[in-house]
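Overview (structure and organization)
Residue-level listing of the chains:
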Amino acid sequence: MNIKTSKQQPILLSAAFSLIAALVGLSPALSSAETGPAEVRLDFAFYSPPSLVIRKFGWAEQEFAKSSTRVRWVQSAGSNRALEYLAADAVDFGSTAGLAAVLSRANGNPIKTVFVFSRPEWTALAVAKDSPIKTLADLKGKKIAATKGTDPFLFTLRALQTVGLSKNDVELVHLQHADGRTALEQKRVDAWAGLDPLLAASELEAGTRIIYRNVSFNTYGFLNTTEKFARQYPEAVERTVRLYERARYWIQKNPEEAAKLLADEAKISIDVAKRQLARTGFDESIPGQSHRAALKAAAPILIAEGLVKPGTDVAKVVDELVTEAPATKVALRFPHGTTR
């Protein structure tokens, strides 16, 4: 066949190339390879068992190898560290307590919560085994170790409020969680707002005594990303949420193995790991209205204690923080018969 040339040929060829380019752009595989991040940075934390499962089994590396995306893990020692990493663009996903995430966003950190990794009772107010302190009221004028910007810190403020005390009635000593445990056991502070697994370990190994617990003051375990990352890489967000849903389901189906994994990773005894997991629920994963309601109920403490700017609409902050879309998609499609 002879191909005739004409003045229209450049136009036709140009149109053909444009059509091919458009079709290529619609290909999911090519689109993913072209627009996905070169690297996904995930945090892991001993207070987030699902993160330990994903890291241990190499699930993230397997998942993101499909798009030639590298995976890097960064350890978070507490919500404050995870939030600092997110603010500094040092991680793409950070594990925090719910109220800590609200506080951070209210103060300018543009994060989004995309998954609920646990419903824990991970914090309580504790004293040394031979301490004369018996009640919250006894804490007036005392030194309390608490990591600023974390759930234990906010738990402390809410607990004090129940007996008419505020942060001005005590001396809050801002120590990272592990240092707070040490300070309590060495009697350099009078009380400690503990966090599991450190709290469980201190109870079992040092006889540390809990004087106040309130599961409703423990906010959920939130997996957060930045608005920028969520906007640029929605597929990577969905894939990460899928990994967390897989890990959550695995923990539910393998409690003994989960306890052993936690014990090995956190370098704690199996008894400590079991105590932590026994007071942690893994039945929820989709951030939604119930989580917003719980956070809005807790939000007044942020205003009362001057932790956010005057006039901050904390309810609006909560609504902007919590997004259920990625987790909803994953939950509807997740193959619950497959965990490994």
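Note that the structure is a prediction, hence the values are computed from the model and not measured. (Residues numbered from 1 in each chain as written. Predicted model: local features only at pLDDT ≥ 70, side-chain atom pairs only at ≥ 80, totals over all residues. Heavy atoms only, no water.)

Okay, the packing of helix H14 (residues 289-298) against helix H16 (residues 314-321) next. The geometry of H14 relative to H16 is characterised by a closest axis approach of 9 Å and an angle of 150 degrees between their N-to-C directions. Classified by the interaxial angle, the pair formed by H14 and H16 is roughly antiparallel. The crossing of H14 and H16 is right-handed. Between H14, through Arg292, Leu295 and Lys296, and H16, the contact on the second element is made entirely by Ala315, Val318 and Asp319. Broken down by class, the residue content of the contact of H14 with H16 amounts to 3 nonpolar, no polar and 3 charged. (Axes fitted to C-alpha atoms, helices over the stretch in contact; angles between N-to-C directions. Helix = DSSP H or I, 4+ residues; strand = E, 2+ residues; numbered from the N terminus. Parallel < 35°, antiparallel > 145°, perpendicular 65-115°, else oblique. Left-handed = near helix turned anticlockwise from the far one by under 90°. Contact = heavy atoms within 4.5 Å. Nonpolar A, V, L, I, M, F, W, Y, C, P; charged D, E, K, R; others polar.)

Turning to the sheet that holds strand E6 (residues 143-146), a few remarks are in order. Strands belonging to one sheet form pairs held by backbone hydrogen bonds; the direction of such a pair is parallel or antiparallel. If you trace the 5 strands from one edge of the open sheet to the other, you get E7-E6-E8-E5-E9, paired in mixed fashion. The open sheet is flanked by strand E7 (171-174) and strand E9 (209-212), the only strands paired with a single partner. Across this sheet, the average inter-strand angle for adjacent strands is 35 degrees, counted without regard to direction. The sheet strands contacting helix H8 (residues 177-185) are strand E5 (123-127), E6 and strand E8 (191-195), and the helix crosses E8 at an angle near 140 degrees. Across the sheet, helix H9 (residues 198-206) lies against E5, E8 and E9, angled at about 120 degrees from E8, the strand it touches most. (Pairing = 2+ DSSP bridges.)

Turning our attention to the confidence of the model for the protein. Mean pLDDT for the protein: 88, with 87% of residues reaching 70 or above. Ignoring residues within four places in sequence, the model shows residues 1-34, a span with pLDDT below 50, making 6 contacts including any to other chains. In the model, residues 336-340 has pLDDT below 50 throughout and makes 12 contacts with residues more than four positions away in sequence or in other chains. (pLDDT = per-residue confidence, 0-100.)

For the rest of this paragraph, the subject is the pairing of E6. Bridging between E6 and E7 involves 4 bridges; their strand directions are parallel. Note that in E7 the partner of Ile144 across the bridge is Leu172. Bridge analysis of E6 against E8 gives 2 bridges, and the strand direction is parallel. Counterpart to Ile144 in the pairing with E8 is Ala191.

Next up on the list: unusual backbone geometry. In this structure, the amide linkage connecting Asp196 to the following residue, Pro197, adopts the cis form with an omega of 5 degrees. Within the element layout of this structure, Pro197 appears in the loop between E8 and H9. One non-glycine residue, Ser68, lies in the positive phi region at around 55 degrees. Position of Ser68 relative to the elements: it lies in the loop between helix H4 (59-65) and strand E2 (70-75). Phi at Lys267 is positive, roughly 60 degrees, even though this residue is not glycine. Structurally, Lys267 can be placed in the loop between helix H12 (255-266) and helix H13 (270-278).

What follows covers H16. Owing to its 3.6 residues per turn, the α-helix brings residues three or four apart onto one side. Among all positions of H16, only Val314, Val317, Val318 and Leu321 are buried. Buried residues of H16 fall within an arc of 100 degrees about the axis and therefore sit on the same side. Packing partners of the buried residues in H16 comprise helix H6 (98-106), strand E4 (111-120), strand E10 (221-226), H14 and helix H15 (300-304). (Buried < 20%, exposed > 50% of the residue type's maximum accessible area, 1.4 Å probe, protein only. Arc of directions from axis to C-beta.)

A word on the packing of aromatic side chains. Counted by the stated rule, this structure contains 10 aromatic pairs. Between the aromatic rings of Phe44 and Trp73, the centroid separation amounts to 6.4 Å while the plane-to-plane angle is 75 degrees, which identifies the pairing as edge-to-face. One end of the pair, Phe44, is in strand E1 (residues 39-44); the other, Trp73, is in strand E2, with 29 residues separating them in the sequence. With respect to burial, Phe44 and Trp73 carry one shared label: buried. Measuring from centroid to centroid gives 6.4 Å for Phe117 and Trp122, while their planes differ by 55 degrees, and the two rings are tilted. With relative accessibility at 0%, the residue Phe117 sits in the buried group. Each residue in the set Tyr47, Phe117 and Trp122 is aromatic and connected to the rest through ring pairs, giving one cluster. Sitting over the face of the ring of Tyr220, Arg119 holds its NZ or CZ atom 4.4 Å from the ring centroid. Here the guanidinium or amino end of Arg246 rests over the ring plane of Trp59, the centre of that ring lying 3.9 Å away. (Phe/Tyr/Trp six-rings, centres within 6.5 Å; stacked < 30°, edge-to-face > 60°. Lys NZ or Arg CZ within 6 Å of the ring centre and 35° of its normal.)

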